[in-house]
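Overview (structure and organization)
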Amino acid sequence: MLRADLIERAARFRSAGEDPSRHLSDCPALVLNADFTPLSYYPLSVWPWQTAIKAVFLERVDIIASYDREVHSQSARMRLPSVIALRQYVRVSEFPAFTRFNVFLRDRFSCQYCGSPHQLTFDHVLPRRLGGTTCWENIVAACSPCNLKKGGRTPKQAHMPLLVPPIRPTSWQLQERGRAFPPNHLHETWRDWLYWDVELEA
Ligand SMILES: [Zn+2]
């Protein structure tokens, strides 16, 4: 079948309407890589149901688990996929982007001087006026009080040692961090693919 036909067929699926307890917008699919690990933990890789169904019709993904919620077209019914796995493995780039969010994630959303999770900002470890650059190795999450206290000094000058020296994390390291911060929305069928090792260790 032509790809356009497949997309057209997928698009004809509409809400069946017999399960008002769950809105279609609440039925995203967790996307796993071909090795059955989530494509991304943070943000968690999820697709809206339309994208998931389209990918199923294009035979790019396999359905691993489904919601009870059904959608139907003129000729077929289908339960919405809740977990899908890519057929082709996607290589994750080795290093994540240097973004504010990723720095917070690396630092576990806590001040690297006192550990506080509140009033978080960023601090240049070696101040800019002393030649400090804006990079993974010189930017840490810091709470406003610590930032103010440290001022334009080095940690040594300010007698404020870092809890953890800042490093440029690999994508894998950052993904591991992300697992500690689960998103609010987790369908029960997702848990097996996200936190099985945590549960085993608990
Ligand atoms: Zn602090």
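Our subject is the structure that appears above.
Since the model is a prediction, treat every value here as computed from it, not as a measurement.

Comments concerning the overall build of the chain
Of regular secondary structure, the chain possesses 8 helices and 7 strands. Taking all 202 residues of the chain together, 23% fall into the buried category. Counting only contacts in the chain whose residues sit at least 6 apart along the sequence, the fraction spanning at least 24 positions is 65%.

Here's the deal with unusual backbone geometry
Trans peptide bonds make up most of the peptide bonds, and negative phi angles are found at most residues other than glycine. Backbone geometry places Arg108, a non-glycine residue, at a positive phi of 55°. Residue class for Arg108 comes out partly exposed when judged on the 15 C-beta atoms lying within 10 Å of it. The phi torsion at Gln119 lies on the positive side, around 50°, for a residue other than glycine. By the element assignment, Gln119 lies in the loop between α3 (100–106) and β6 (120–124).

Digging into helix α2 (residues 49–57)
Looking at α2, one finds that the buried residues are Trp49, Ala52, Ile53, Ala55 and Phe57. Looking at the residues trailing α2, positive phi occurs at Glu59, about 60°.

Observations regarding the environment of Gln112
Within the secondary structure, Gln112 sits in the loop between α3 and β6. Accessibility expressed as a C-beta count within 10 Å gives 27 for Gln112, which makes it buried. Spatially, the C-alpha atoms of Gln112 and Ala141 are 5.9 Å apart, while their sequence positions differ by 29 residues. The contacts of Gln112, once residues within four sequence positions are left out, are Asp107, Val140, Ala141, Ala142, Leu162, Leu163 and Val164.

Some details on the nonpolar core
Within the largest apolar cluster, 19 residues are counted, with the highest numbers of intra-cluster contacts made by Ala29, Leu30, Val31, Trp49, Ala52 and Ile84. Listed by contribution, the elements that provide at least two residues to this core are β2 (29–32), α2, β4 (61–72) and β5 (77–86). Considering every element that reaches this core, the biggest residue donor is α2, with 5 residues. Once residues lying within four places of it in the same chain are set aside, the contact partners of Val31 are Leu39, Ser45, Val46, Trp47, Ile84 and Leu86. Counting residues in hydrophobic clusters, the runner-up holds 9 residues, among them Tyr113, Leu120, Ile139 and Ala142.

Looking at the pairing of β5
Across 3 bridges, the pairing between β2 and β5 is parallel. In the sheet register, Leu32 faces β5, and the bridge partner there is Ala85. As paired elements, β4 and β5 share 8 bridges and run antiparallel to each other. Bridge pairing in β5 links Val71 to Met78. Here β4 folds back onto β5 in antiparallel fashion, the turn holding 4 residues.

The rules behind these values
- Residues numbered from 1 in each chain as written.
- Predicted model: local features only at pLDDT ≥ 70, side-chain atom pairs only at ≥ 80, totals over all residues.
- Helix = DSSP H or I, 4+ residues; strand = E, 2+ residues; numbered from the N terminus.
- Buried ≥ 20, exposed ≤ 12 C-beta atoms within 10 Å, placed from the backbone.
- Contact = placed C-beta atoms within 7 Å.
- Core = buried A, V, L, I, M, F, W, Y, C linked by C-beta atoms within 7 Å.
- Pairing = 2+ DSSP bridges.

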